[in-house]
Every structure is written in structure tokens, then in C-alpha cells.
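Structural description and commentary
Next come the chains, spelled out residue by residue.
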Amino acid sequence: MTVAAFTLGCKVNQYDTETILQDFSAGGFNIVEFIDIADVYIINTCTVTNVSDKKSRQMISRAYKQNPQALIVVYGCYAQVNPEALQKLEGVSMVLGTQYKDSLVEMVTSHFETSFNLSVKPRLDEYETQKISSCIKTVTKRTRAYLKIQDGCDRYCSYCIVPYARGLVKSRPIADLLSEAENLVKLGCKEIVLTGIQIAAYGNDVSNDNNLLIDLIKQIHDIHGLERLRLGSLDPNIINEKFLNAIVSLPKLCDHFHLSLQSGCDRTLSRMNRKYTSDQYAQKAKKLRSLFPKGTFTTDIIVGFPGETEEDFAQSLKFVEEINFFRIHVFMYSPKEKTPAAEYKNQIDKKTKEHRSHAMRTLGKQMNHDFCIKYIGDVLPVLFESRVDSSKAKTDTVWEGHTTQYITVRVHSNMQNLENQIIPVRLKELKDGVMYGEVEAI
């Protein structure tokens, strides 16, 4: 029996899907691509925005068109917060909330034995008592691996549905994480990315400080054979003297930091229920940059938040430019039912949000361009991950990878296999947001 999966949303969802498919493979199912005709389709949904909801529904429809007789399992955050809507979609057999990841194989097997359909939205207070038990035992790509260190969020930002979909913070034991990380390195992974819904809150369900996260980072960093350790999205409030003193001495730690911002306007930040001001954010970024002068900052920005005036947006735009991010991910505010911001007055019209999004994205592209061209002529180590299509002759192969700063780099390799190798590359040219260079030495 064949099973295919499609993942929407964040790196946590990607990790979850990988462990789900691993469980199905161990259960005797054959894993196929989502474009193939499969007996079972699993759609791991995202519900961060209304666009995410729409994309989830589109993938359900695509699966049904590919094989109307297939078992279509809708799982994840959208399934958690609005199972009723998904259950009404044509072809959907099972709708399962986020609690049931470790039970999917058993439930699918039971379906084929009893032909029952199921829609389950678990109580999140029950979910809090469960341990995160799944881990990655095999990898399909050896270069970079995600390591999910925690689930859930306790911030309750006024616009965000995630705490209602994922529940509060649940941290995995350090011993379990070390075992999984060591196995990933044995499988050939050169880089590990620590990911989670709110990784800065790792250990908050056990202790009130960030010592556990620091201990985890240090112990994974010291695993023999690991070449790079990258941190996922960080809450700015974790950037303090203790945290900085701990990470600055770790040579394997990538100098790329994703510091969540959402807005550069204090009035908007307050209404978002973010727990910092723009000045506090700037001071933390300044300290981090002083320790990692060649490092890069990326962030997320929401435009068109309810009540955001033209002056508020101008302040946000100016602040983003002052921080000088390497890359920004721009989202137009999307009201989510059950969140406080959805009930706020002065919702912004679509045309205004689109205008502000365009302005913020244009600034983002310019900052990225200005940042990258400063590196032309430099030699940087690149972890090569995959081969890309080349417009030249078949004898010419183009390989793509990333620097520690997460700059995308491509080189022509004359058919040499560069996969999963870290090689110094002299950066020569920037084209369409990608740096092209020449291998300096192999």
C-alpha cells in the first residue's frame, strides 16, 4: 500500500511530516511522491494565515483529483482549530488534530480494516500532558537536518492562532535530542538546525530561565562529526548577556540569526502583544551584531495590522531599514477567528495592505542586494546541498549550497559531485538574489 504526503507551513511541520512518513515506512507502507497515484494522502496543514488555509484546501482537492478512491487524511494545525470545515470537503476521510501524529499509522490501518471515517479535535489540555516521542531515524537528504526541540507557544500574540493549534510549551528531554542529533550526524548530516514553534522557550515548562536551552546548544555543538549548528527563529527577549556569552564561543554555530520582529512601530507592537519595544529590539540586535560582525539577520514583518496608520507603517519601514536585515519575510495581516486582533476595530483594506506589502518587499530586496554585493571577492565556506539545472552543456553541472550566513551560492563544477561537502568558494557575481562563485580549493 502506498502513502504520499504534502507539507504546508513551517519547519516544524516539515519535521513532523518526515517522522510521519518514517512511521508509515516502518509500518509496511511504500512511500511515494505526492504527484503519484497513492492509496493514502496525508496533508499536513498550516493555519497561520487565511492564505495557508486556502493552500491546504487546494492540496486536499488535488489529492482527491489524483485518486478519488484514496484515503485522504487531513492533519495538523488547520485540522486542530477548524475540523468541521475540513470534514465537509469532498474526498476527506480523516481529520486529525495535532495530538495524533504518533497514532496516524494505527488509525489509517484501522480505517482499512473497519472502513470508518474520523474527525478528532483533541483537547489541548490533554495534549499538554503528552511527551513528544517521535524522532527522525533516517534521512533522505544528508546535508542539513532539522531537529525539533519543542512544540507549543505561551506568548499569545493578539494576531496568532498557533497557541490554539499547538498548545503550550512542551520541551523534549536533552538526552532524547542528543541521541537523535548523534544519529543524524552518523547518517552523514553536516548541519543541524534547531527548530520548534518557540525554541527560545525551550525548557520553560521545566525551569524559568534559559539555562536548559544553552546547555542543549552546547552539547549538540560538541557532537563529534557535526560541522554546523544553526538556530531557528528566536524571540528577541532571549538575547541577553548570559545567552550571548554562551554562544559567542561556539565555532560551529552559524552566524545567521532569525529574530522575530513583526513591526518596527511601538504602538503596533503593543497592540500585537509583543513583549518588547523597537528600541529594546535594536539594542539586542546591536549587541548580537557586535559579536558576529559578518553575521546576517532575518525576520518576519506583518503589514496592515488592524489600526496601523500610514505613520505607523512609515515608522516600521524606517526601523527595518535601520536594522539592515539580510532578508525579511513579509506577510499581509490576515484575521484569524478566535484571536483578539480579529475583533479589533479599524481593519485595514486589502488594497492598502497590498501597497504596504509591496513597499516592504521592495525594501527587503534592496537590503538583500546591498548586503550580498559586499561579499563579492570574499572566500566563504559553502555547504553544497543539491544539483540545479544548468543552461549550459550536459558536461557542466551547477551545484547550490549555503554559507554559514545562509547566503545562497551556486558554482559550476564540471561534473564533480559536491553534495554534502563544505568547500571554500570565491564569490564572483550576484544574479537574481543568488551568489555565483568559483571553487577555491577542494
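That block above? That's the structure.
Quick look at the structure, then. (Residues numbered from 1 in each chain as written. Predicted model: local features only at pLDDT ≥ 70, side-chain atom pairs only at ≥ 80, totals over all residues. Heavy atoms only, no water.)

1. Focus: the overall build of the protein
- Across its full length, the protein holds 14 helices and 18 strands.
- The C-alpha atoms of the protein give 22 Å as radius of gyration, which agrees with the globular expectation for 442 residues (22 Å, within 12%).
- The dimensions of the protein, computed from C-alpha atoms along their principal axes, are 65 × 60 × 45 Å.
- For the protein, contacts bridging at least 24 residues in sequence account for 72% of all contacts bridging at least 6.
- Accessible surface, the protein as shown: approximately 20,200 Å² in total, 49% of it carbon and sulfur. (Helix = DSSP H or I, 4+ residues; strand = E, 2+ residues; numbered from the N terminus. Rg over C-alpha atoms; globule rule 2.2 N^0.38 Å. Contact = heavy atoms within 4.5 Å. Areas by Shrake-Rupley, 256 points an atom, 1.4 Å probe, with all protein chains shown as cover.)

2. Quick look at the packing of aromatic side chains
- Scanning all chains against the criterion turns up 14 aromatic pairs.
- A centroid spacing of 6.4 Å and a plane angle of 85° characterise the contact between Y159 and F305, whose relative ring orientation is edge-to-face. Pair noted here: Y159 is in the loop between β7 (144–151) and α7 (162–166) and F305 is in the loop between β12 (296–303) and α13 (310–323), with a separation of 146 residues, a long-range link. Of the two residues, Y159 and F305, neither departs from the other in class, the shared state being buried.
- Taken together, the ring pairs connect Y159, F305, Y333 and Y344 into an aromatic cluster.
- Against the face of Y436 rests K431, its NZ or CZ located 4.5 Å from the ring centre. (Phe/Tyr/Trp six-rings, centres within 6.5 Å; stacked < 30°, edge-to-face > 60°. Buried < 20%, exposed > 50% of the residue type's maximum accessible area, 1.4 Å probe, protein only. Lys NZ or Arg CZ within 6 Å of the ring centre and 35° of its normal.)

3. What about helix α12 (residues 278–291)?
- Given a rise of 1.5 Å per residue, 14 residues ought to cover 20 Å, and the 20 Å separating the end C-alpha atoms of α12 matches this to within 8%.
- Along α12, the positions that sit buried rather than exposed are S278, Y281, K284, A285 and L288. Down the axis, α12 shows its buried residues gathered within 125° of arc, on one side only. Opposite its buried face, α12 presents the exposed residues K286 and S290, each directed more than 90 degrees away.
- Residues of α12 that are buried make contact with α10 (241–247), β11 (256–258), α11 (266–272), β12 and α13. (Expected span 1.5 Å × (residues − 1). Arc of directions from axis to C-beta.)

4. Some details on unusual backbone geometry
- Residue Y406 is not a glycine yet carries a positive backbone phi of 70°.
- Mapping Y406 onto the fold places it in the loop between β15 (398–402) and β16 (408–412).
- Of the residues examined, Y406 reaches a relative accessible area of 22% and is grouped as partly exposed.
- Phi at D432 takes a positive value of approximately 55°, unusual for a residue other than glycine.
- Mapped onto the elements, D432 comes out in the loop between β17 (422–431) and β18 (434–439).
- With a relative accessible area of 82%, D432 lands in the exposed category.

5. Quick notes on the sheet that holds β17
- If you walk around this closed barrel you meet the five strands as β14-β15-β16-β18-β17, and the pairing is mixed. In this sheet, neighbouring strand axes are inclined to one another by 50° on average, regardless of whether the strands run parallel or antiparallel.
- Inspection of the sheet shows β17 paired to β18 by six bridges, in the antiparallel sense. Looking across to β18, one finds that R426 is bridged to E438. (Pairing = 2+ DSSP bridges. Axes fitted to C-alpha atoms, helices over the stretch in contact; angles between N-to-C directions.)

6. Brief notes about the pairing of β15
- In terms of burial, β15 is a largely internal element, five of the five residues being buried.
- In the sheet, β15 pairs with β16 via five bridges, with the strands oriented antiparallel. Residue G401 lies in a different strand from β16, and its bridge partner there is V409.
- Taken together, β15 and the strand that follows it, β16, pair antiparallel across an intervening segment of five residues, in which Y406 is found at a positive phi of about 70°.

7. Here we look at the sheet that holds strand β9 (residues 191–196)
- In space, the four strands of this open sheet follow the order β8-β7-β9-β10, with mixed pairing throughout. The open sheet has two edge strands, β8 (170–171) and β10 (228–231), and neither has a second partner.
- Taken together, the six bridges between β7 and β9 define a ladder with parallel strand orientation. Residue pairing in the sheet places R144 in a bridge with E191 of β9.
- Each of β7 and β9 touches helix α1 (residues 11–26); the most contacted strand, β7, lies at about 105° to it.
- On the sheet, helix α8 (residues 174–186) packs against β7 and β9 and is oriented at approximately 170° with respect to β7.

8. So, the pairing of strand β4 (residues 71–76)
- By the criterion of burial, β4 is predominantly enclosed, with six of the six residues buried.
- Pairing analysis gives six bridges linking strand β3 (residues 40–45) to β4, with the strands arranged parallel. Residue pairing in the sheet places I43 in a bridge with V74 of β4.
- Following the backbone out of β3, through helix α2 (residues 50–66) and into the adjacent parallel β4, one traces a crossover that is right-handed.
- Inspection of the sheet shows β4 paired to strand β5 (residues 92–96) by four bridges, in the parallel sense. (Right-handed = clockwise from strand over helix to strand, strands pointing away.)

9. Points about a nonpolar patch on the surface
- Together, Y156, Y164 and L168 make up an exposed nonpolar region whose accessible area comes to about 250 Å².
- By the element assignment, Y164 lies in helix α7.
- Here Y164 falls in the partly exposed class, since its relative accessible area comes to 31%. (Patch = residues over 30% accessible without salt bridge, like charges linked within 9 Å, V, L, I, M, F, W, Y side chains within 5 Å. Salt bridge = Lys/Arg side-chain N within 4 Å of Asp/Glu carboxyl O.)

10. Things to note about helix α14 (residues 350–373)
- The terminal C-alpha atoms of α14, which comprises 24 residues, lie 35 Å apart, in line with the 34 Å expected from a rise of 1.5 Å per residue.
- Buried within α14 are the following residues: T352, K353, R356, S357, M360, L363, G364, M367, N368, F371 and C372.
- In this fold, the buried residues of α14 make contact with β12, α13, β13 (327–332), β17 and β18.
- Two or three places before K351, at the opening of α14, D349 has a side-chain oxygen 3.2 Å from that residue's backbone nitrogen. (Polar contact = N/O pair within 3.5 Å; in protein donor to acceptor, adjacent residues only side chain to side chain.)

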